[in-house]
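# Architecture and fold: a report
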Amino acid sequence: MEATNDITTKTTNEDSSLASSAPKKKEEEEEEKEWDVWRAAAYGNQEKLEFFVNNAPSSSIIIDAKDANGFRPLQWAALNNRVAIAKYLLDLGADVNAGDDERQTALHWAAVRGALPVAELLLQRKAKLHNQDIRGYTAAHVAAQYGHASMLYHFLLRWNLDVNCMDEDRRCPLHWGAYKGFKDVVKLLLAFDADVILPDREGCTALHWAAIRGKAEAAHVLALCGGEELLKARDTDGNTPSQLAMEKGHKSLSNMLTNQLVTLKEGQTWWSQKGMAIFCLAVVCGLTLMFVNFVVVGPLGTPRVDVALAAWSWMVVISSITGLIFFWRVANTDPGFVSTRAQLAAKSLKNASSSVENLINHSDDIDDIEKGSGLGLGGGSSSSEITSSSAASSLKWLDHPELWAGNWERLCVTCKIVKPAGTKHCQIAKRCVRRFDHYCPWMGNTVGAKNHRDFVIFLLLETFAMIVSLLVAVIRVWEENPSEKQRSKTGVLFFVACDVAVLIPVLLLVSSQLAQVARNITTNELMNLHRYTYLRATDGTFKNPFDKGVFKNLVSFFCVDANRRTREFEEKANTNVGGFTPKNATTKD
């Protein structure tokens with residue numbers, strides 16, 4: 001009986017297993033029927049793709065065949081970044097420039113999702129970067145519409161993309177990047193000299209489209225780069241970007257553009273830049289003179305100061321005058337300006353010209369030089385070759401590890417450079433400044449790497465002078481002399497009131513500056529922590545890798561040369577960010 005029960009149980013289990021496997025086989029058969037060459041390409045199933053190709057009457061036909069929607073296998077592979085599938089299809093002879101019913105090629109589809117590896121493969125297999133679909137869109141237009149700055153960067157740097165290529169409505173990638181509000185795309189295209197004033201068929205510039213959509217960040221970047229001409233540009237209906245923003249309900253953006261235009265129209269006069277610095281100078285000199293006149297000398301009948309007060313009074317005057325020397329240095333010293341792209345190009349051209357001139361002047365055989373013998377120069381064409389060489393190398397600065405790493409914040413579209421770590425563009429000075437701390441209207445200059453130490457020393461000297469002079473003044477008010485006549489203390493009290501009024505804000509400023517110096521961080525970095533990747537740990541929290549301890553930070557700030565400090569900071573910042581250059585980056589040749 002037990003054996004019979006076992007056999008019965010086993011038979012029952014086998015029957016139930018067969019019954020349950022039947023639906024699975026049916027599902028697999030139905031799924032097998034759904035597979036085709038296009039689905040295999042889309043999902044990256046090379047085994048099924050090879051099966052369909054090998055069993056097709058003609059492999060050359062099936063690899064370029066269109067599905068029910070008019071799309072080709074290579075397009076599906078490109079959309080999903082299936083590099084192996086794309087390579088397999090191309091090796092079989094798939095047409096890399098074949099389009100669908102809207103003339104979109106596989107490269108267009110790769111640009112939709114920013115599939116850079118497959119896009120690079122297509123370009124290496126002679127895909128045409130400037131192929132247009134029925135709307136005139138190139139792969140660059142598509143990449144801009146979807147915000148793929150890395151893909152555009154690759155196209156521009158490695159495949160000589162025309163940055164101002166236009167679609168059927170005369171819109172370039174910059175128009176689309178601004179319309180969609182992709183700030184990184186806008187910055188990148190502007191850095192590659194995209195025409196910021198270029199109008200489309202409706203007369204709209206990129207700023208018009210950013211204003212229509214209310215894309216404030218993109219509009220701000222465009223306004224800074226385009227200046228007054230862009231802000232005043234009108235479309236075919238006569239509307240400026242500010243007017244379009246207001247019309248579409250983007251009031252804050254409209255006000256920002258209007259204020260920017262007013263500021264540019266008014267310009268910056270010498271007095272607007274240096275007026276507060278003159279006032280600061282007058283305050284320092286005025287307090288010093290009041291101290292000497294009202295406190296040290298005093299009105300008629302005031303007793304002479306004793307030796308100790310006289311010594312302290314001299315220290316006040318000397319400290320104040322020394323502070324003025326540092327004031328002059330801060331106001332007139334280069335704060336750490338970074339050379340603009342135009343300056344770098346001019347310097348490069350000058351060096352190339354002088355190099356050729358030296359070769360000509362110091363050669364023993366003028367005829368050989370004129371013929372280009374041994375120097376690689378064509379006869380009579382040295383000047384044109386220098387110019388073309390300079391033009392060809394003018395964008396070399398863009399081949400930068402920070403940009404390959406996608407750190408688009410390091411681009412300055414005004415100076416057209418890749419900013420070193422800790423560098424910020426000063427909108428008042430209109431230049432990028434290394435280790436930018438802040439713009440100080442009281443100094444009439446930016447405070448940066450080269451004058452930050454002088455600025456702090458100026459504050460310390462004047463703070464010391466104001467504190468000591470205040471103490472001397474209080475002692476002079478309360479001192480008594482039985483032989484002296486009744487004297488007026490109005491002058492001393494007036495000085496005390498002025499001194500305290502100036503001392504309180506200066507004390508707050510010098511305290512904050514010393515606290516930042518002790519942590520080896522700038523005002524700009526402290527206020528914009530979210531922008532700087534080198535100040536963030538892997539978990540996103542704040543981390544200052546440059547803080548060496550209070551004592552070492554102070555010694556480094558006050559005793560180490562500014563250029564050396566800046567160089568060490570930039571090297572450590574770049575290491576902390578972990579920038580890289582892609583190993584698979586290839587050139588077109």
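Residues numbered from 1 in each chain as written. Predicted model: local features only at pLDDT ≥ 70, side-chain atom pairs only at ≥ 80, totals over all residues. Heavy atoms only, no water.

## A few points about the overall build of the protein
Across its full length, the protein holds 27 helices and six strands. For the protein, with 589 residues in total, the buried portion stands at 43%. Look at the contacts in the protein between residues 6 or more apart in sequence, and 69% of them connect residues 24 or more apart. As presented, the protein carries roughly 31000 Å² of accessible surface, and 56% of it is formed by carbon and sulfur atoms. (Helix = DSSP H or I, 4+ residues; strand = E, 2+ residues; numbered from the N terminus. Buried < 20%, exposed > 50% of the residue type's maximum accessible area, 1.4 Å probe, protein only. Contact = heavy atoms within 4.5 Å. Areas by Shrake-Rupley, 256 points an atom, 1.4 Å probe, with all protein chains shown as cover.)

## Looking at helix α18 (residues 307–332)
Its 26 residues give α18 an end-to-end C-alpha distance of 38 Å, which sits within 8% of 38 Å, the value for a rise of 1.5 Å per residue. Within α18, the full set of buried residues consists of Leu309, Ser313, Val316, Val317, Ser319, Ser320, Gly323, Phe326, Phe327, Val330 and Ala331. Against the buried residues of α18 lie α17 (270–297), β6 (445–447) and α23 (452–478). (Expected span 1.5 Å × (residues − 1).)

## Brief notes about the packing of helix α11 (residues 173–180) against helix α12 (residues 183–191)
Two elements in contact, α11 and α12, have axes whose closest approach is 8 Å; the angle formed by their N-to-C orientations is 155°. One finds that α11 runs roughly antiparallel with respect to α12. The two elements α11 and α12 cross, and the hand of that crossing is left-handed. Listed contacts from α12 to Pro173, Leu174, Gly177 and Ala178 of α11 are Val185, Val186, Leu189 and Leu190. Looking at side-chain class alone, the contact of α11 with α12 contains seven nonpolar, one polar and no charged residues. (Axes fitted to C-alpha atoms, helices over the stretch in contact; angles between N-to-C directions. Parallel < 35°, antiparallel > 145°, perpendicular 65-115°, else oblique. Left-handed = near helix turned anticlockwise from the far one by under 90°. Nonpolar A, V, L, I, M, F, W, Y, C, P; charged D, E, K, R; others polar.)

## Some thoughts on the side chain of Asn239
Along the chain, the position of Asn239 falls in the loop between α14 (216–231) and α15 (241–247). Take Asn239: its relative accessible area is 18%, and that puts it in the buried class. Non-local contacts of Asn239, meaning those with residues more than four positions away in its chain, are made with His208, Ala233, Arg234, Leu244 and Glu247.

## Considerations on the environment of Lys265
On the secondary structure map, Lys265 appears in helix α16 (residues 251–266). Sequence spacing of Lys265 and Glu228 is 37 residues, and the spatial spacing of their C-alpha atoms is 7.3 Å. Contact partners of Lys265, with chain neighbours within four places excluded, come to Glu228 and Lys232.

## Some thoughts on α16
Spanning 16 residues, α16 covers 23 Å between terminal C-alpha atoms, matching the ideal 22 Å at 1.5 Å per step. Among all positions of α16, only Leu253, Ser254, Leu257, Gln260 and Leu261 are buried. Each buried residue of α16 lies within a common arc of 130° when the element is viewed along its axis, so the set occupies one face. Opposite its buried face, α16 presents the exposed residues Lys251, Ser252, Thr263 and Glu266, each directed more than 90 degrees away. Positioned one or two residues after α16, Gly267 has a phi angle of 75°, which is positive. (Arc of directions from axis to C-beta.)

## Re unusual backbone geometry
One non-glycine residue, Lys126, lies in positive phi territory at about 75°. Of the residues examined, Lys126 reaches a relative accessible area of 66% and is grouped as exposed.

## Points about the pattern of salt bridges
All chains considered together, the criterion is met by 20 salt bridges. For Lys232, the salt bridge goes to Glu228, with nearest N and O atoms at 3.5 Å. The salt bridge partner of Lys450 is Asp334, with a shortest N-O separation of 3.8 Å. Note that Lys450 is positioned in the loop between β6 and α23 and Asp334 in the loop between α18 and α19 (341–361), a separation of 116 residues in sequence. Exposure remark for Lys450: the relative accessible area of 40% places this residue in the partly exposed category. Through salt bridges that share partners, Asp169, Arg171, Asp200 and Glu202 make up one connected network. (Salt bridge = Lys/Arg side-chain N within 4 Å of Asp/Glu carboxyl O.)

## Quick look at the packing of aromatic side chains
In this description, an aromatic ring pair is defined by two values, namely the gap between the centres and the angle between the planes. A full pass over the atoms with the stated rule returns 18 aromatic pairs. Aromatic side chains Trp176 and Tyr179 sit 5.8 Å apart centroid to centroid with 85° between the ring planes, which places their arrangement in the edge-to-face category. Taken together, the residues Trp176 and Tyr179, both in helix α11 and three residues apart, mark about one turn of the helix. By relative accessible area, which is 13% here, Trp176 ends up buried. For Tyr179, a relative accessible area of 23% puts it in the partly exposed group. We note Lys180 situated over the ring of Tyr146; from NZ or CZ to the ring centre the distance is 5.8 Å. A cation over a ring is seen here: Arg213 above Tyr179, with NZ or CZ 4.6 Å from the ring centre. (Phe/Tyr/Trp six-rings, centres within 6.5 Å; stacked < 30°, edge-to-face > 60°. Lys NZ or Arg CZ within 6 Å of the ring centre and 35° of its normal.)

## A closer look at the environment of Lys419
Inspection of the secondary structure puts Lys419 in the loop between β2 (417–418) and β3 (424–426). Expressed as a C-alpha distance, the spacing of Lys419 and Cys432, which sit 13 residues apart in the sequence, is 7.5 Å. In contact with Lys419, other than residues within four places in its own chain, are Glu409, Arg410, Leu411, Cys412, His425 and Cys432. A distance of 3.4 Å separates a polar atom in the side chain of Lys419 from the backbone oxygen of Glu409. (Polar contact = N/O pair within 3.5 Å; in protein donor to acceptor, adjacent residues only side chain to side chain.)

## Things to note about the confidence of the model for the protein
Summing up the model confidence of the protein, the mean pLDDT is 83 and the portion of residues at 70 or higher is 82%. In this model residues 1–33 is a low-confidence stretch, pLDDT under 50, and it forms two contacts with partners more than four residues away in sequence or in other chains. (pLDDT = per-residue confidence, 0-100.)

## Describing the packing of α14 against α16
Here α14 crosses α16 at 35°, and the two axes come no closer than 10 Å. Between α14 and α16 lies a crossing of right-handed hand. Here Ala216, Ala219, His220, Ala223, Leu224, Gly227, Glu228 and Leu231 of α14 come into contact with α16, specifically with Leu253, Met256, Leu257, Gln260, Leu261, Leu264 and Lys265. Looking at the contact of α14 with α16 residue by residue, the classes come out as 10 nonpolar, three polar and two charged.

## Some words on the state of the cysteines
Inspection of every chain in the model, using the stated rule, returns zero disulfides. The structure places no disulfide on Cys225, whose sulfur is separated from the nearest cysteine sulfur, that of Cys412, by 8.9 Å. Just so you know, Cys412 is unpaired, no disulfide at all, and the nearest cysteine sulfur is the one on Cys432, 3.4 Å from it. Overall, Cys412 belongs to the buried group, its relative accessible area being 4%. (Disulfide = S-S within 2.5 Å.)

## A look at the environment of Asp334
When its relative accessible area of 31% is taken as the criterion, Asp334 is described as partly exposed. Spatially, the C-alpha atoms of Asp334 and Val447 are 9.1 Å apart, while their sequence positions differ by 113 residues. Of note is the side chain of Asp334, whose polar atom sits 2.8 Å from the backbone nitrogen of Gly336. At a separation of 2.8 Å, a polar atom in the side chain of Asp334 contacts the main-chain amide nitrogen of Phe337.

## Side note on a nonpolar patch on the surface
A cluster of nonpolar side chains, contributed by Trp270, Trp271 and Ile278, occupies part of the molecular surface with about 390 Å² of accessible area. Inspection of the secondary structure assignment puts Trp271 in helix α17. (Patch = residues over 30% accessible without salt bridge, like charges linked within 9 Å, V, L, I, M, F, W, Y side chains within 5 Å.)

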